[in-house]
Amino acid sequence: MLRVNFTRYPLTRYIEDILYIKQQVGRRIDIMADLPIPGRKYRTLIPSGEMLINQGEKITFVPFSHQCGDKMISVDTNFFAETKDTLRILIGDGELTFTTLRVEKDKIVAEAENTGKIREGRAFILTGKMPYKKYDTDMMQKYLECMQTISPQKLVLSFAEDNNVLLEMAEKFRKVIPEAEIVPKIETQVGIDNCEVIMKSFKTVMLGRGDLGLFSDIKAFGSNQNYVLDRGLLNDVNVIVATDILTSLYESTVPARGELTDIYYLKEKKVKDIVVSAGISLCPKLFVRFMDIVGDDFG
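Residues numbered from 1 in each chain as written. Predicted model: local features only at pLDDT ≥ 70, side-chain atom pairs only at ≥ 80, totals over all residues. Heavy atoms only, no water.

A.B. asks: I'd like to hear about the overall build of the protein, residue by residue, with values.
C.D. replies: Looking only at helices and strands, the protein features 9 helices and 15 strands. A compact globule built from 299 residues should have a C-alpha radius of gyration of about 19 Å, and the protein, at 20 Å, falls within 12% of that. Once the C-alpha set of the protein is aligned to its principal axes, its extents read approximately 50 × 45 × 40 Å. Counting every position in the protein, which comprises 299 residues, the buried fraction comes to 47%. Within the protein, contacts between residues separated by at least 24 positions form 71% of all contacts whose residues are at least 6 apart in sequence. Surface exposure of the protein reaches about 15,300 Å², of which carbon and sulfur atoms provide 51%. (Helix = DSSP H or I, 4+ residues; strand = E, 2+ residues; numbered from the N terminus. Rg over C-alpha atoms; globule rule 2.2 N^0.38 Å. Buried < 20%, exposed > 50% of the residue type's maximum accessible area, 1.4 Å probe, protein only. Contact = heavy atoms within 4.5 Å. Areas by Shrake-Rupley, 256 points an atom, 1.4 Å probe, with all protein chains shown as cover.)

A.B. asks: How would you summarise the nonpolar core if you had to cite specific residues and measurements?
C.D. replies: If you look at the biggest cluster of nonpolar residues, it comprises 52 residues, and the most contacted ones within it are Phe6, Leu35, Met147, Phe173 and Ile274. In terms of residue count, helix H2 (residues 137-150) provides more of this core than any other element does, 6 residues in total. Those residues in contact with Phe173 that sit more than four places away from it in its chain are Leu35, Ile37, Met140, Tyr143, Leu144, Met147, Leu155, Leu157 and Ile182. (Core = buried A, V, L, I, M, F, W, Y, C linked by side-chain atoms within 4.5 Å.)

A.B. asks: Can you explain the environment of Pro63? Please cite residues and give values.
C.D. replies: Tracing the backbone through its elements, the reader meets Pro63 in strand E5 (residues 58-63). Here the alpha-carbon distance between Pro63 and Asn164, two residues 101 residues apart in the chain, equals 28 Å. Setting aside anything within four residues of it in sequence, one finds Pro63 in contact with Ser74, Val75, Thr77, Asn78, Phe79, Phe80 and Asp106.

A.B. asks: Help me get a handle on the pattern of salt bridges, residues and values and all.
C.D. replies: Enumeration according to the criterion identifies 16 salt bridges in this entry. The salt bridge partner of Arg102 is Glu104, with a shortest N-O separation of 2.9 Å. Here Glu187 makes a salt bridge to Lys185, at a shortest N to O gap of 4.0 Å. Bridged by salt links that share partners, the residues Arg3, Asp34, Lys185 and Glu187 form one connected network. (Salt bridge = Lys/Arg side-chain N within 4 Å of Asp/Glu carboxyl O.)

A.B. asks: How would you summarise the confidence of the model for the protein if you had to cite specific residues and measurements?
C.D. replies: With 95% of its residues at a pLDDT of 70 or more, the protein shows a mean pLDDT of 90. By mean pLDDT, strand E3 (residues 42-45) is the weakest element of the protein at 84, and strand E13 (residues 181-186) is the strongest at 98. (pLDDT = per-residue confidence, 0-100.)

A.B. asks: Which residues make up the pairing of strand E12 (residues 154-158), and what values do they have?
C.D. replies: Judged by how many residues are buried, E12 sits mostly within the fold: 5 of 5 residues are covered. Residues Lys154, Val156 and Ser158 point to one face of E12 and Leu155 and Leu157 to the other, with burial holding for every one of them. Bridge analysis of strand E2 (residues 31-38) against E12 gives 5 bridges, and the strand direction is parallel. Within E12, the residue paired with Asp34 across the bridge is Val156. (Pairing = 2+ DSSP bridges.)

A.B. asks: Could you give an account of the packing of H2 against helix H3 (residues 163-176), with specific residues and numbers?
C.D. replies: Two numbers describe a pair of packed helices, the interaxial angle and the distance between the axes. It is the contact of H2 with H3, at a shortest axis distance of 9 Å, that shows an interaxial angle of 45°. As the angle between them shows, H2 and H3 are arranged oblique. In the packing of H2 onto H3, the handedness of the crossing is right-handed. Across from Met140, Tyr143, Leu144, Met147 and Gln148 in H2, the residues of H3 making contact are Met169, Lys172, Phe173 and Val176. By residue class, the composition of the contact of H2 with H3 is 7 nonpolar, 1 polar and 1 charged. (Axes fitted to C-alpha atoms, helices over the stretch in contact; angles between N-to-C directions. Parallel < 35°, antiparallel > 145°, perpendicular 65-115°, else oblique. Left-handed = near helix turned anticlockwise from the far one by under 90°. Nonpolar A, V, L, I, M, F, W, Y, C, P; charged D, E, K, R; others polar.)

A.B. asks: Hey, could you go over the side chain of Ser248 for me, with residue numbers and the actual values?
C.D. replies: Relative to the helices and strands, Ser248 is located in the loop between strand E15 (238-242) and helix H7 (257-268). Beyond its immediate stretch of four places on either side in the chain, Ser248 contacts Pro255, Ala256 and Glu259.

A.B. asks: With reference to specific residues and values, describe helix H4 (residues 189-199).
C.D. replies: Every buried residue of H4 is listed here: Gly191, Ile192, Cys195, Ile198 and Met199. Down the axis of H4, the buried set is contained in an arc of 110°. They therefore lie on one face. (Arc of directions from axis to C-beta.)

This is how it looks when you write it as structure tokens:
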């Protein structure tokens, strides 16, 4: 099954690419469409494509509708949450961080804690709570038409927290792709706290470990993961685990010992399905090595 992350390009490109892949493969290939809805992850919009930022520099983040000047970065939101507990900004998977100096509805002034590059389309994460992304009727219709065209076997709804929201969205998608399984993705502390309620309505969920490390207390990561896997076993729900599995293979033919322990732990928790990171799946040698290690134990 090919997981396709629908967060980076226009929907028309995904349709073209998936139809092309199906044509070239010459056999059935199942698609898992991972959608950025309901959504809490916002993304940077940089006209030049990327920006080098040095430690100590002050950067102003503005909503995408505002004109962007020097030392300013647009974010794909209409406004920022006015929350006093927003202390930091994380970019991407946390490789670039900022201390917030001032938070307003239409801008955030922040100071870089380290040196690095911000690229177009990287995740923008506030430590405070940002609202769900709201999609208007036209945008939702485009998602529905896209899913109807590519006919995914699984449809993942990101940042699953509110079961009522998930059921409402699932109903919309089931009308156009009734054969697809709807899979809520648990990746925030609120999602962890509500996962058992969600599991009463859905027989498969995904544990998004990458964002969970950013949208919850990092010291609670292990206990949070354990909680979701245990609740899955208790409720007879299949928990797909994604991702960051054996990524040390990027640098070494021998996996990190901690990652081998991770594999053992997931097997002990009776995890059936795992998601391979893009970096491994795109390199034939790495993928073969990955499958040599886990192929007999997971789907």
